[in-house]
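Coordinates in review
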Amino acid sequence: MEQNQINFANILEELRDTARVQGNMLRSEQISEAFGQWQLDDDKLALIHEYFRSHHIGIDEPGDTEDNLSGDDVNFLEMYLQELRECPPVSDGEKRAVIMSALAGDSDAQAKLVEIFLPQVVEISKLYAGQGVFVEDLIGEGNVAAATAVTMLECVDGIDEVEGFIGRMIMDAMEELISEDSDNRQIDENVLDRVNEVNDKARELYDTLLRKVTVKEVADELGITEEEVREAVNFSADTIAYIEAAGSGK
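A brief report on the enclosed structure follows. Small disclaimer: the values here were computed from a predicted structure and weren't measured.

Another aspect to go through is a negative patch on the surface. Together, Glu136, Asp137, Glu141, Glu176, Glu180 and Asp183 line one region of the surface with negative charge. Of all the elements in the fold, those that place two or more residues in the negative patch are α7 (135-149) and α8 (162-209). Checked against the element boundaries, Glu136 lands in helix α7. On the basis of relative accessibility, which here comes to 46%, the residue Glu136 falls in the partly exposed class.

This paragraph deals with the pattern of salt bridges. For the coordinates displayed, the defined rule picks out 17 salt bridges. Close ionic contact of Glu115 with Lys112 constitutes a salt bridge, the shortest N to O distance being 3.1 Å. Of the two residues, Glu115 and Lys112 both sit in helix α6 (residues 107-127), 3 residues apart, roughly one turn of that helix. Judged by its relative accessible area of 30%, Glu115 is partly exposed. One salt bridge in this structure joins Glu204 and Lys201, with 3.3 Å as the shortest N-O distance. Residue Glu204 and its partner Lys201 are both found in helix α8; the two are separated by 3 residues, about one turn of the helix. For Lys201, a relative accessible area of 14% puts it in the buried group. Residues joined in a network through salt bridges with shared partners are Arg168, Asp172 and Glu175.

Only a minority of non-glycine residues have a phi that is not negative, and only a minority of peptide bonds are not trans. With phi around 50°, Gln39 is a residue other than glycine that occupies positive phi space. Take Gln39: it is sitting in the loop between α2 (28-34) and α3 (42-54). Taking relative accessible area as the criterion, Gln39 reaches 72% and is therefore assigned exposed. For Leu210, which is not glycine, the phi torsion reads 60° and is therefore positive. The topology assignment puts Leu210 in the loop between α8 and α9 (215-222).

One recurring pattern in soluble globular proteins: nonpolar side chains tend to sit buried together. In this structure, Leu113, Tyr128, Ile139, Ile166 and Ile170 are the most contacted members of the largest nonpolar core, which totals 41 residues. With near-sequence residues (within four places) excluded, Ile166 lies in contact with Leu113, Phe117, Ala146, Ala149 and Val150. Val195, Leu205, Ile224 and Val229 belong to the second-largest nonpolar core, a separate cluster that totals 14 residues.

Mapped onto the elements of the fold, Gln30 is located in helix α2. A distance of 2.9 Å separates a polar side-chain atom of Gln30 from the backbone nitrogen of Arg27. Non-local contacts of Gln30, meaning those with residues more than four positions away in its chain, are made with Leu15, Thr18 and Gln22.

Basis of the calculations
- Residues numbered from 1 in each chain as written.
- Predicted model: local features only at pLDDT ≥ 70, side-chain atom pairs only at ≥ 80, totals over all residues.
- Heavy atoms only, no water.
- Patch = residues over 30% accessible without salt bridge, like charges linked within 9 Å, V, L, I, M, F, W, Y side chains within 5 Å.
- Areas by Shrake-Rupley, 256 points an atom, 1.4 Å probe, with all protein chains shown as cover.
- Salt bridge = Lys/Arg side-chain N within 4 Å of Asp/Glu carboxyl O.
- Lys, Arg positive; Asp, Glu negative; His and termini not counted.
- Charge placed at Lys NZ, Arg CZ, Asp CG, Glu CD.
- Helix = DSSP H or I, 4+ residues; strand = E, 2+ residues; numbered from the N terminus.
- Buried < 20%, exposed > 50% of the residue type's maximum accessible area, 1.4 Å probe, protein only.
- Core = buried A, V, L, I, M, F, W, Y, C linked by side-chain atoms within 4.5 Å.
- Contact = heavy atoms within 4.5 Å.
- Polar contact = N/O pair within 3.5 Å; in protein donor to acceptor, adjacent residues only side chain to side chain.

Printed below as a string of structure tokens:
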């Protein structure tokens, strides 16, 4: 049962990755085929469809990614897209020629290929919006990834694989940025929890003893080290008034 749940979750994640590559959409047949081993009825498939729509992924048509954008994101995109509109349009034939030259190691073609991908970076950034990172930062990271990808085209099997390779590197870079941001926010939350914990315990002891308490007393009560108490006081910018000489190391 547990293994089936893991497989089911893995398929959902794989389909979400597929949707990003396909312009934020999935075909009904793709979903049915992916979950074919479960022989799901129409009601269960409808629930899966609703799951993807709740993640702004369209079924048989592109999903609406604009709902993910904050006001700051919208304002930035308006200005940024206006700048991109000044770049001359490139036909499919011209793009293919640029890709061929970039594959051959032409640095000018590689730079042009990055320019061609700038609008796609914007579209990919919308798929990752609303996950704690500003679209401006996502685009910046995506542009750097595109610039790196065009110098690594020797890893690609052929011309038809280039766009997918660059797109995947852009998505990987944005996902890593979101993951790092999430980790940092978790660290911040943990630090804040520790500060509140130390403050509450110090105040409790202060009310009982009717005097400022020592770092050791707080540490002993909480079952943590004296250094952890000092770190909490430092992170609080010394706003914990119930502890004496917390930063002295004594």
